[in-house]
Amino acid sequence: ITPGAVNWMTAGRGIVHSERTPEALRSAGSSLHGLQVWLALPRDAQEIEPSFVHHPADTLPRIVAPGLNLALIAGSAYGQTSPVETASPTFYLAGGLAAGTDLEPPGEHEERALYVVSGRVEIDGESVGAGSMAVLRNGSSPKLHASEDSQLALLGGAPLDGERHLWWNFVSTSKERIEQAKADWEGGRFPVVPGDTESIPLPKS
């Protein structure tokens, strides 16, 4: 993956993947900065065919204004729509606000949140610093103000259609389905990554 690009993985009924750093970077040392975001599939789409799609940075819509530069990674916001396909109404924006910049979050989504990666913003006068997430009230029209240069993510969408259970890398509305996935992983019944012979053992707890 390269800066600004998106790797969109849909686990569906089950997917195996391998992440590798090139040998040259492992030898010389490197750093990686980014966000990994999990988006729950709707109940009726939990067992769809798994997929993986790469989206280069230049394919993503951008919301640009003085002091503001955001990429629309997924979903719809500010009259634009990302090419990244989602199974439910959503939005995911990420980028930068220069100090002194104001922004009104998209108002068409029922659930919305702001995560500050770096810097500091104010939401209707309340300060939110790096590493913190603020959940916005449904139906509200808050004003965001960058009190210093900031990197942030704005995200949300439709409410979940039921409770989700999470164990290790398995997510489902059904605890029984997670138990089946655990057994399948331990029994080697997941597909293998072509050319890769390594596998992470199932955690014991």
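The structure presented is a predicted model; accordingly, all values stated were derived computationally and were not measured.

For the protein chain, the count of helices and strands is two helices and 15 strands. Burial statistics for the protein chain: of 205 residues in total, 35% are counted as buried. A total accessible area of about 12,700 Å² is found for the protein chain, and carbon and sulfur atoms account for 52% of it.

Attention now moves to the sheet that holds strand E7 (residues 102-103). The four strands lie next to each other as E7-E12-E9-E10, forming an open sheet whose pairing is antiparallel. A single partner strand is all that each edge strand has here, and the edge strands are E7 and strand E10 (126-129). Where E7 and strand E12 (residues 144-146) come together, two bridges link them in antiparallel fashion. Bridging from a neighbouring strand, Leu-103 pairs with Leu-144 of E12.

Together, Trp-38, Leu-166 and Val-171 make up an exposed nonpolar region whose accessible area comes to about 330 Å². Topologically, Val-171 is positioned in strand E15 (residues 170-172).

So, on to the pattern of salt bridges. Taken as a whole, this structure holds 10 salt bridges when the rule is applied. Two residues, Glu-49 and Arg-13, come together in a salt bridge whose shortest N-O distance is 3.0 Å. Taken together, the residues span a long stretch of sequence, with Glu-49 in the loop between helix H1 (23-28) and strand E2 (51-55) and Arg-13 in the loop between strand E1 (6-10) and H1 at a distance of 36 residues. With relative accessibility at 54%, the residue Glu-49 sits in the exposed group. The residue Glu-179 makes a salt bridge to Lys-182 at a minimum N-O spacing of 3.2 Å. Note that Glu-179 and Lys-182 are positioned in helix H2 (residues 175-186) at a spacing of three residues, about one turn of the helix. Note on Glu-179: relative accessible area 47%, which makes it partly exposed.

So, about the packing of aromatic side chains. One pass over the structure, following the stated rule, counts six aromatic pairs. Seen in terms of ring centroids, Trp-168 and Phe-170 are 5.6 Å apart; in terms of plane orientation they differ by 90°. Their pairing is edge-to-face. Ring plane angle 75° and centroid distance 5.5 Å describe the contact between Trp-168 and Trp-185, whose orientation is recorded as edge-to-face. Linking Trp-168 in the loop between strand E14 (165-167) and E15 with Trp-185 in helix H2, this pair joins segments that are 17 residues apart in sequence. Here Trp-168 falls in the partly exposed class, since its relative accessible area comes to 28%. Linked through ring pairs, Trp-167, Trp-168, Phe-170, Trp-185 and Phe-190 together constitute an aromatic cluster. When the ring centre of Trp-167 is taken as origin, the NZ or CZ atom of Lys-182, which lies over that ring, is 4.2 Å away.

With respect to the helices and strands, the residue Asp-196 is situated in the segment after H2. A distance of 2.7 Å separates the side chain of Asp-196 from the side chain of Ser-18, its partner in a polar contact. Those residues in contact with Asp-196, other than ones at most four positions away along the chain, are Ser-18 and Arg-20.

Reading guide: rules and limits
Residues numbered from 1 in each chain as written. Predicted model: local features only at pLDDT ≥ 70, side-chain atom pairs only at ≥ 80, totals over all residues. Heavy atoms only, no water. Helix = DSSP H or I, 4+ residues; strand = E, 2+ residues; numbered from the N terminus. Buried < 20%, exposed > 50% of the residue type's maximum accessible area, 1.4 Å probe, protein only. Areas by Shrake-Rupley, 256 points an atom, 1.4 Å probe, with all protein chains shown as cover. Pairing = 2+ DSSP bridges. Patch = residues over 30% accessible without salt bridge, like charges linked within 9 Å, V, L, I, M, F, W, Y side chains within 5 Å. Salt bridge = Lys/Arg side-chain N within 4 Å of Asp/Glu carboxyl O. Phe/Tyr/Trp six-rings, centres within 6.5 Å; stacked < 30°, edge-to-face > 60°. Lys NZ or Arg CZ within 6 Å of the ring centre and 35° of its normal. Polar contact = N/O pair within 3.5 Å; in protein donor to acceptor, adjacent residues only side chain to side chain. Contact = heavy atoms within 4.5 Å.

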